[in-house]
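Take a look at the letters that make up each chain.
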Protein chains: 2
Amino acid sequence: MTTTGPGGPAPTLAVVGATGAVGTVLLQILSHRADIWGEIRLIASPRSAGRKLTVRGEEVEVLALSEDVFDGVDIALFDVPDEVAAQWVPVAAARGAVVVDNSAAFRADPDVPLVVPEVNAHTVRNRPRGIVANPNCTTLSMIVALGALHAEFGLRELVVSSYQAVSGAGRAGVETLREQLALVAGTELGTTPGDLRRAVGDRTGPFPEPVALNVVPWAGSLREDGWSSEEMKVRDESRRILGLPDLPVAVTCVRVPVVTTHSLTVHARFQGEVTVDRAREILATAPGVVLFDNPAAGEFPTPADAVGTDPTWVGRVRRALDDPTALELFVCGDNLRKGAALNTAQIAELVAADLR
Amino acid sequence: MTTTGPGGPAPTLAVVGATGAVGTVLLQILSHRADIWGEIRLIASPRSAGRKLTVRGEEVEVLALSEDVFDGVDIALFDVPDEVAAQWVPVAAARGAVVVDNSAAFRADPDVPLVVPEVNAHTVRNRPRGIVANPNCTTLSMIVALGALHAEFGLRELVVSSYQAVSGAGRAGVETLREQLALVAGTELGTTPGDLRRAVGDRTGPFPEPVALNVVPWAGSLREDGWSSEEMKVRDESRRILGLPDLPVAVTCVRVPVVTTHSLTVHARFQGEVTVDRAREILATAPGVVLFDNPAAGEFPTPADAVGTDPTWVGRVRRALDDPTALELFVCGDNLRKGAALNTAQIAELVAADLR
């Protein structure tokens, strides 16, 4: 451990999965936020070990994932596939690190808090396994705004539909969209049955269908009764984060040809009558939220606005025409930042303050 | 009027707006459906008059819109902007033609039936003004499937979100997307705040924001309380077509970078408990509907499947996890075919049978 910092030794941070799409953004975020860390140790699969990455303006060599690599680490941030996390997160925790894990492996574990600092920061202190879970990117892209509205109005039901960016499927997702875009530019594709599928062939990457000039109503793996794992995550994680275990949540997750930033339409029903004016006041002042909502001036959020920024962008705020207790919203959040790396970094900062 | 056909003279048909995106598809459809028409007269703005278009394998010269051009016309199909329809539809009707109008000008008129043949064919006979309205493309892309479910289960509430294709904004919409796609192919655009807007500049065509690598939560013009005209159409027209004037309908309309075929997520609540098995039976046998719903085999509809086809494609059929009276669906329909030209042609055939 390094020994700078006013309140004791500055904690040592490990980033596991440093070379991935989220890891890359995480290193940028760690370089730009208040520097509370001593050593930052970068870790990846043996395949990536030895590469050098830049964090806080310095080149740091990537270490191979192993048991010993966690010695002296205070907090370890994991962004790796579920099965890798399931194996290695307990190893890091056993070596004494508090782990902030961005996989789905521990999100449903009642002994692992699922934390969004703007919504349920207090839960981070109760971590009997030494593990804190970071929510799924789709949930994170809307939950800060919903948490603020819930605190005032009391949420009673959610119906949400997603417009999910390809980077939610990692670097391979982005590469696949770019490759397909090159293929469709300058063509008449997208106008006859199956023409896109024939043109794209097996170049679908991590997606089940072509995503350029298309939308694909599927993300994740198949769960019971036709639900996708992504849809189940949005429902189950929203309930946990909001502390509403019985909240009715209906979700359909759809992939769209956007590089980064998930968008969602939200139909939110509350315990009593709501007004758009009060909802706007709440959203305009909520930490981590930007209200961008003036259609008369052409103002509503799109992924092109929100990408690369930290907050959740909210617009199209309307009261349901046929239900004075419901609001309609359109929400955009950068799935790599607040949807992953930023929330992980924020949780790490909460844990660091708690360890002090 | 031509005088072939078994039941009397074959009716003369006029197509007003023959050179537009919908008009082009309409001529293809008229060429491939059972030929019940005598003369087919093609009409457009004076700017397009004199051009030759192919219908039923023959070249036909386009006539300029005028009062006299409707003389002898039995049925006139209009696909023109609202303000042109408001002026010229009554002219054609006064000259004795029954008009099937695809603008929004008459859709709310109680003396003008709003017809989807699979759902409310009977209403076509009651047309005191000699005008029948064709619904909006977004409504049409889902309403056949919903009509079938409503007939069995009794609809009680709808929450829908759209993924609307650019051809819903006509040829200019398609040209704009193609131009923007050429601009973004091979670039890193879509990764930093505002980069797309700067790159696209004023080449946004009929859209308020860049649509390539983006989704835009706006379609149509601004109505009261922040609603878009497109959202109001989906609500008001769904109520009229289904004969449910008080149906609660919550809608958010979003443009996506797809050339043709609108998709919608649908959360539909019914009067009593529903089962997925029965819903699937209904959808599998409903006229004008294709059930494509086997996620285990990678089967769910996308625009790339539905484009260029007639039916409404339905998949992702699930019962809401927290409400046994609600179903979730993902629906795709070609916005130029069933969403516009095909439904217009079907209405014209109903009217022709009625005139006989």
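Just so it is clear, the structure is predicted and the values come from calculations on it, not from any experiment.

### Quick notes on the overall build of chain A
If you tally the helices and strands in chain A, you get 10 helices and 14 strands. Computed over the C-alpha atoms, the radius of gyration of chain A is 21 Å, within 12% of the 21 Å expected from 2.2 N^0.38 for a compact globule of 356 residues. Taking contacts inside chain A between residues at least 6 apart in sequence as the whole, the part at least 24 apart equals 67%. In the structure as shown, chain A presents an accessible area of about 12700 Å², 49% of it carried by carbon and sulfur atoms. For chain A, the distance from the average position of its 32 positive side-chain charges to the average position of its 44 negative side-chain charges is 1 Å.

### Things to note about the UniProt feature "binding site: phosphate" (unreviewed entry) in chain A
Residue and element names in this part refer to chain A. Per the UniProt record, "binding site: phosphate" (unreviewed entry) is found at Arg107. Along the chain, arginine 107 falls in the loop between strand 7 (98–101) and helix 3 (117–120). Among the polar contacts listed, one links the side chain of arginine 107 to the side chain of glutamate 237, at a separation of 3.1 Å.

### Points about the relation of the copies chain A and chain B
With an axial shift of 0.0 Å and an RMSD of 0.0 Å, the rotation relating chain A to chain B amounts to 180°. Here the transformation between the copies is reduced to the relation of a two-fold axis. Take the interface residues of chain A: 100% of them recur as interface residues in chain B, which is what a same-surface contact looks like.

### Comments concerning the interface of chain A and chain B
The partner chain B presents 74 residues to the 74 residues of chain A that form the contact. Where chain A meets chain B, there are 10 salt bridges. A salt bridge links B:Arg235 to A:Asp322; the nearest nitrogen and oxygen atoms lie 2.7 Å apart. The interface formed by chain A and chain B holds 34 residue pairs in polar contact (both at pLDDT 80 or more) in total.

### Brief notes about the pattern of salt bridges
Here the idea is simple: oppositely charged side chains can pair when their charged atoms come close. Applying the stated criterion across every chain yields a total of 48 salt bridges over all chains. A salt bridge links A:Lys338 to A:Glu118; its shortest N-O distance comes to 2.7 Å. Of this pair, A:Lys338 sits in helix 10 (residues 337–355) while A:Glu118 sits in helix 3, placing them 220 residues apart in sequence. Across the pair B:Arg129 and B:Asp109 runs a salt bridge, and its minimum N-O distance is 2.5 Å. Taken as a pair, B:Arg129 in the loop between helix 3 (117–120) and strand 8 (131–133) and B:Asp109 in the loop between strand 7 (98–101) and helix 3 lie far apart in primary sequence, 20 residues in all. Through salt bridges with shared partners, a single network forms among A:Glu67, A:Asp68, A:Asp71 and A:Arg95.

### Let's talk about the pairing of strand 4 (residues 58–61) of chain A
Of the pairings in the sheet, the one linking strand 3 (residues 52–55) of chain A to strand 4 of chain A comprises 4 bridges and is antiparallel in character. Bridged to A:Lys52 within strand 4 of chain A is A:Glu61.

### Concerning the side chain of B:Gln164
All names here are of chain B. You can see glutamine 164 is positioned in the loop between strand 9 (155–163) and helix 5 (170–184). One polar contact links glutamine 164 to glutamate 230, side chain to side chain, over a distance of 3.0 Å. Once residues lying within four places of it in the same chain are set aside, the contact partners of glutamine 164 are Thr138, Ala219, Glu230, Cys253, Val254, Arg255, Val256 and His262.

### Here we look at the packing of aromatic side chains
Scanning the entire structure with this criterion turns up 11 aromatic pairs over all chains. Between B:Phe70 and B:Phe78 the ring centres are 5.7 Å apart and the planes differ by 15°, which places this aromatic pair in the stacked class. Members of the aromatic cluster, each reached through a chain of ring pairs, are A:Tyr163, A:Phe330, B:Tyr163 and B:Phe330. One cation-aromatic arrangement involves A:Arg318 over B:Trp227; the distance from NZ or CZ to the ring centre is 4.6 Å.

### A closer look at the environment of A:Pro245
One can find A:Pro245 in the loop between helix 7 (229–242) and strand 10 (249–252). For the pair A:Pro245 and A:Leu196, spaced 49 residues apart in the sequence, the C-alpha separation amounts to 42 Å.

### Digging into unusual backbone geometry
Residues and elements named next belong to chain A. The phi dihedral of arginine 56 is positive, around 55°, even though this residue is not glycine. Here arginine 56 lies in the loop between strand 3 and strand 4. Of note in this structure, aspartate 225 is not a glycine but carries a positive phi near 60°. Mapped onto the elements of the fold, aspartate 225 is located in the loop between helix 6 (195–200) and helix 7. You can call aspartate 225 exposed: its relative accessible area is 61%.

### A closer look at the UniProt feature "active site" (unreviewed entry) in chain A
Residues and elements named next belong to chain A. Per the UniProt entry, the sites bearing "active site" (unreviewed entry) are Cys137 and His262 in this numbering. Over a stretch of 126 residues, the named residues converge on one spot in the fold, their C-alpha atoms separated by at most 8.0 Å. Positionally, cysteine 137 belongs in helix 4 (residues 137–153). If we ignore the near neighbours within four places in the chain, the residues touching cysteine 137 are His262, Asn335 and Gly339. Tracing the backbone through its elements, the reader meets histidine 262 in strand 11 (residues 262–270). The buried category is assigned to histidine 262, whose relative accessible area is 0%. In contact with histidine 262, other than residues within four places in its own chain, are Cys137, Thr138, Ser141, Tyr163, Gln164, Ala165, Gly168, Val331, Cys332, Gly333 and Asn335. A distance of 3.0 Å separates a polar side-chain atom of histidine 262 from the backbone nitrogen of alanine 165.

### Side note on the sheet that holds strand 2 (residues 40–44) of chain A
For sheets, the rule is that strands pair by backbone hydrogen bonds, running either parallel or antiparallel. All names here are of chain A. Pairing within the open sheet is parallel, and its 6 strands lie in the order 5-2-1-6-7-8. With partners counted over all chains shown, the strands left at the sheet margins are strand 5 (63–64) and strand 8 (131–133), one partner each. Along the sheet face, helix 2 (residues 82–94) touches strand 6 (75–78), strand 7 and strand 8 and points at about 155° away from the line of strand 7. Seen against the sheet, helix 10 touches strand 1 (13–16), strand 6, strand 7 and strand 8 and runs at an angle of roughly 165° to strand 6.

### Thoughts on helix 2 (residues 82–94) of chain B
Residues and elements named next belong to chain B. Taking 1.5 Å per residue, 13 residues should reach 18 Å; helix 2 reaches 18 Å between its end C-alpha atoms and fits that length. The principal kink in helix 2, of about 30°, is found at tryptophan 88, preceding the proline proline 90 by one to four residues. Those residues of helix 2 lying buried are Ala85, Trp88, Val89, Val91, Ala92 and Ala93. Along its buried surface, helix 2 packs onto strand 6 (75–78), strand 7 and strand 8. Following helix 2 by one or two positions, glycine 96 adopts a phi angle in the positive range, close to 105°.

### Brief notes about the pairing of strand 11 (residues 262–270) of chain B
Residue and element names in this part refer to chain B. Where burial is concerned, most of strand 11 is hidden: 9 out of the 9 residues are buried. In strand 11, alternate side chains face the same way, and those of His262, Leu264, Val266, Ala268 and Phe270 on one face and Ser263, Thr265, His267 and Arg269 on the other are all buried. Summarising the sheet, strand 11 and strand 14 (residues 326–333) pair through 8 bridges and their orientation is antiparallel. The residue of strand 14 that forms the bridge with leucine 264 is valine 331.

### Some thoughts on the packing of helix 4 (residues 137–153) of chain B against helix 8 (residues 276–285) of chain B
Residues and elements named next belong to chain B. The interhelical angle for the contact between helix 4 and helix 8, taken along N-to-C directions, is 125°, at an axis separation of 9 Å. Here helix 4 lies oblique to helix 8, going by the angle between them. Of the two possible hands of crossing, helix 4 and helix 8 adopt the one that is right-handed. For the pair formed by helix 4 and helix 8, the contact residues are Ala145, Ala148, Leu149, Glu152 and Phe153 on the first element and Arg278, Ala279, Ile282 and Leu283 on the second. Here the contact of helix 4 with helix 8 is composed, by residue class, of 7 nonpolar, no polar and 2 charged.

Reading the values: rules and limits
Per chain, residue numbering runs from 1 following the sequence as it is written. Written order decides the labels, with chains lettered from A and ligands numbered from 1. For this predicted model, a pLDDT threshold of at least 70 governs which residues receive local features, and a threshold of 80 or more governs which side-chain atom pairs are given and counted, while totals over whole chains, interfaces and linings are taken from all residues. Water and hydrogen atoms play no part in the side-chain values, which are based on all heavy atoms of the structure. Secondary structure counts use DSSP, requiring at least four H or I residues in a row for a helix and at least two E residues in a row for a strand, with both numbered from the N terminus. Radius of gyration here uses only the C-alpha atoms, and the compact-globule reference equals 2.2 Å multiplied by the residue count raised to the power 0.38. Pairs of residues are marked as contacts when any of their non-hydrogen atoms sit within 4.5 Å. Residue exposure ignores everything except the shown protein chains as possible cover, and the areas themselves are Shrake-Rupley values with a 1.4 Å probe. For the purpose of counting charges, residues Lys and Arg are taken to be positive, whereas Asp and Glu are taken to be negative. His and the chain ends are not included. By convention, charge coordinates are those of NZ in Lys, CZ in Arg, CG in Asp, or CD in Glu. UniProt positions are given in the numbering used here, feature names are shortened, and annotations may be inferred rather than shown by experiment. We define a polar contact as two N or O atoms separated by no more than 3.5 Å, with the added condition that, inside protein, one atom must be a possible hydrogen donor and the other a possible acceptor, whereas residues neighbouring each other in sequence contribute only through side-chain atom pairs. The atoms used to superpose the copies are C-alpha atoms, taken from residues with pLDDT of at least 70 in both, and the fit is least squares. Throughout this description, the term salt bridge denotes a Lys or Arg side-chain nitrogen within 4 Å of a carboxyl oxygen of Asp or Glu. Strands are labelled as partners when DSSP assigns at least two bridges between them. Put simply, two rings from Phe, Tyr or Trp (the six-membered ring, in Trp's case) pair if the centres are within 6.5 Å, and we call them stacked under 30 degrees between planes, edge-to-face over 60, tilted for the rest. We call a charge positioned above a ring when the Lys NZ or Arg CZ atom is no farther than 6 Å from the ring centre and deviates by at most 35 degrees from the ring normal. Partly exposed describes any residue whose relative accessible area lies between the buried limit of under 20% and the exposed limit of over 50%, with all areas from a 1.4 Å probe on protein chains only and scaled to the type maximum. For every element, the axis is a line fit to its C-alpha atoms; helices are fit only across the contacting stretch, and the angle between N-to-C directions ranges from 0 to 180 degrees. Here a helix's expected span is defined as the number of its residues, less one, multiplied by 1.5 Å. Two axes enter the bend calculation: one fitted to the seven residues ending at the residue in question, the other to the seven starting there, and the bend is the angle between them. Oblique is the label for any angle not covered by the other classes, which are roughly parallel (under 35 degrees), roughly antiparallel (over 145) and roughly perpendicular (65 to 115). Should the near helix be turned counterclockwise from the far one by less than a right angle, the crossing is left-handed, whereas a clockwise turn marks it as right-handed. All amino acids are sorted into three groups, where Ala, Val, Leu, Ile, Met, Phe, Trp, Tyr, Cys and Pro are nonpolar, Asp, Glu, Lys and Arg are charged, and the leftover types, Gly among them, are polar.

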